[in-house]
Structures are given as structure tokens and as C-alpha cells.
Amino acid sequence: MSFIVAIDGPAGAGKGTITQLVGKKLGLVNIDTGATFRCVALNMIQENINIQEEEKIVKMLDKINIEMYPDGNVFLNGEEVTHRIRENDVNRFVSPVSVLPMVRNKLLEVQRRIAEGKDVIMEGRDIGTVVFPNADVKIYLDATAEERARRRVAQNQEKGIQSSYDEVLQGIKERDRRDSTREIAPLRRAEDAIYVDSTNLSIEQVVEKMIKIIEERRK
Ligand code: DC
């Protein structure tokens, strides 16, 4: 029997960082499902396939191979793409790609297979609602769009990238809108998910809060 922790929430709420830290502390395998969507987007870029070319997408999905390792490394068709899938072209393309029903169906299968038989902490948008509706723990991690934009600008600054707060905020709002209004598996809080608002909390405070929630359920 595996133990499953589902973490959902919008882009920039801190899911990635926090899930990694909590997973390490509690010995849970960390699975970033956004990376699987990013792999599909990258594969389409590599093969020059656009959103309308259904037949080509089906063929590509038939032979796609996505592997994720506990150290966070991601492989697409045998090639390491851990950093490549975070680049701008993929950032821009991934949201429209993640709306396609055939992509979501295929990745549902991939995500369930990756988690099979393991104790996992899985983060995404629809983990508690669609991928693992019977997860042992469900947490919805949120923060205001303004706070998420501030964090993104600061992150960029650390990487030496200058970005405008207004543009980043607009991008975040646009992605929120698209992720939460799509027809299949939209971003929404599962009824039984615990709501954690990280707007005014430090990373350490959020990690502590989550560990408490998870350990309580694991007893
Ligand atoms: O978390 P992220 O930014 O790496 O996610 C990339 C995109 O994939 C994002 O636009 C939403 C989508 N996604 C999704 O639709 N369902 C998931 N479970 C995870 C990500």
C-alpha cells in the first residue's frame, strides 16, 4: 500500500520548493507533474508540431518516454531535459498544451504509473481532484497573485534576469485564468483538501505546517 500526499495550487505558490523540502524530511518520493506536461510541450517543439495537429500529437504520445528520478532529474526519450523544460519557449507553450484532452489522458496514465507502489508527495493542479481522488492527504497551497509575482521577480533577479513586476503579474493572472477555466481537470481545490495560504508565511513556516498536517494523517 502506498501513501499519497497530493499538493495542488496555482503557479508560483511555492509548490515546487516546498514539496521538495517536505518530501525529503518525510522520506516521500517527490513527483512534479508539471514536469510531465513540460516534457510533452518540449517534445512538440522538438518535432515542430503545433496544437492543431492532432494526428501528429497522437503519434508522438504513443512513443513518448518520460522518466523522473528521486534526485529531480527528468529524462525525455532518453535525453536529460531537467533544465531545458524550464526555458522560456516551454514556459509559453506548456499551458495551451496542458489543455489538450489527449495529452491529459496520456499523462494521467504516466503519473499514476510513476507513483505505483511508492510513498509519494505529488504536486500539480488536479492531483487531489483527478489523478488521486483518494489520496491520503490533500493540500491546496495558495498565495495572492501579487505575492506570487513578487516572488517570481525576486527569483529572476537572483538568476540575473531583469523582469517587470507588471508583466510578470499579468502573466500569472493569465495562466491562472487558463488553468482554472479549462474544461478538463481545471485547477480547483478538492472539497476535502486542506487550504494553506502561503502569502504571509516563510518557506520554513509553510514546510512546518505541512509536515504537521501530513504526520497527523500518517499516524
Ligand atoms: O507547475 P508547472 O508550472 O511546472 O506546470 C506547467 C503547466 O502544466 C501549467 O501551465 C499547468 C499544467 N499542469 C496541469 O495542467 N496539471 C498538472 N497536474 C500540473 C501542471
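Residues numbered from 1 in each chain as written. Predicted model: local features only at pLDDT ≥ 70, side-chain atom pairs only at ≥ 80, totals over all residues. Heavy atoms only, no water.

J.: I'm lost on the packing of helix α2 (residues 33–46) against helix α5 (residues 101–115) in this one. Help?
T.: The description of two helices packed together rests on the angle between their axes and the distance between the axes. The N-to-C vectors of α2 and α5 enclose an angle of 130 degrees; their axes lie 11 Å apart at closest approach. By the angle class used here, α2 and α5 are oblique. Between α2 and α5 lies a crossing of right-handed hand. In this structure, α2 uses T33, T36, F37 and V40 to contact α5, whose residues at the interface are V103, R104, L107 and Q111. Residue composition of the contact of α2 with α5, grouped by class: 4 nonpolar, 3 polar and 1 charged. (Axes fitted to C-alpha atoms, helices over the stretch in contact; angles between N-to-C directions. Helix = DSSP H or I, 4+ residues; strand = E, 2+ residues; numbered from the N terminus. Parallel < 35°, antiparallel > 145°, perpendicular 65-115°, else oblique. Left-handed = near helix turned anticlockwise from the far one by under 90°. Contact = heavy atoms within 4.5 Å. Nonpolar A, V, L, I, M, F, W, Y, C, P; charged D, E, K, R; others polar.)

J.: For this particular structure, what's the right way to read the side chain of R38?
T.: Within the secondary structure, R38 sits in helix α2. Although R38 lies buried, it forms no salt bridge, and the closest oppositely charged side chain, D32, sits 6.0 Å away as judged by the N-O distance. Not counting the four nearest positions on each side in its chain, R38 is found in contact with I85, R86, V90, N91, V94 and R175. (Buried < 20%, exposed > 50% of the residue type's maximum accessible area, 1.4 Å probe, protein only. Lys, Arg positive; Asp, Glu negative; His and termini not counted. Salt bridge = Lys/Arg side-chain N within 4 Å of Asp/Glu carboxyl O.)

J.: What is the right way to read the sheet that holds strand β8 (residues 194–197) from this model?
T.: To summarise the sheet geometry, strands pair through backbone hydrogen bonds and adopt either a parallel or an antiparallel arrangement. Across the sheet, 5 strands lie side by side as β2-β6-β1-β7-β8; this open sheet has parallel pairing. Single-partner strands in this sheet number two, and they are β2 (29–32) and β8. In this sheet, neighbouring strand axes are inclined to one another by 20 degrees on average, regardless of whether the strands run parallel or antiparallel. Strands β2 and β6 (120–124) of the sheet are contacted by α2, whose axis makes an angle of about 40 degrees with β2. (Pairing = 2+ DSSP bridges.)

J.: Would you explain the sheet that holds strand β5 (residues 79–80) in this entry?
T.: The 3 strands are arranged β3-β4-β5 in an open sheet whose pairing can be described as antiparallel. Unpaired on one side and paired on the other, β3 (66–68) and β5 mark the two borders of the sheet. Two strands pair when backbone bridges link them, and strand β4 (residues 74–76) and β5 are joined in this way by 2 bridges, in the antiparallel orientation. Bridged to F75 within β5 is E80. Contacts from α2 reach β3, β4 and β5 within the one sheet, and its direction differs from that of β4 by about 35 degrees.

J.: What's the story with α2 in this structure? I'm lost.
T.: Since the α-helix packs 3.6 residues into each turn, any two residues three or four apart lie on the same face. Taking 1.5 Å as the rise per residue, α2 with 14 residues should run 20 Å; its terminal C-alpha atoms sit 20 Å apart, in good agreement. Of all 14 residues making up α2, 11 are buried, and the element is well covered by its neighbours. Turning to α2, its buried residues number three or more, namely T33, A35, T36, F37, R38, C39, V40, A41, L42, N43 and M44. The N-capping residue of α2, defined by a side-chain oxygen 3.0 Å from the backbone nitrogen of G34, is D32. Just past α2, the residue N48 takes up positive phi, approximately 60 degrees. (Expected span 1.5 Å × (residues − 1). Polar contact = N/O pair within 3.5 Å; in protein donor to acceptor, adjacent residues only side chain to side chain.)

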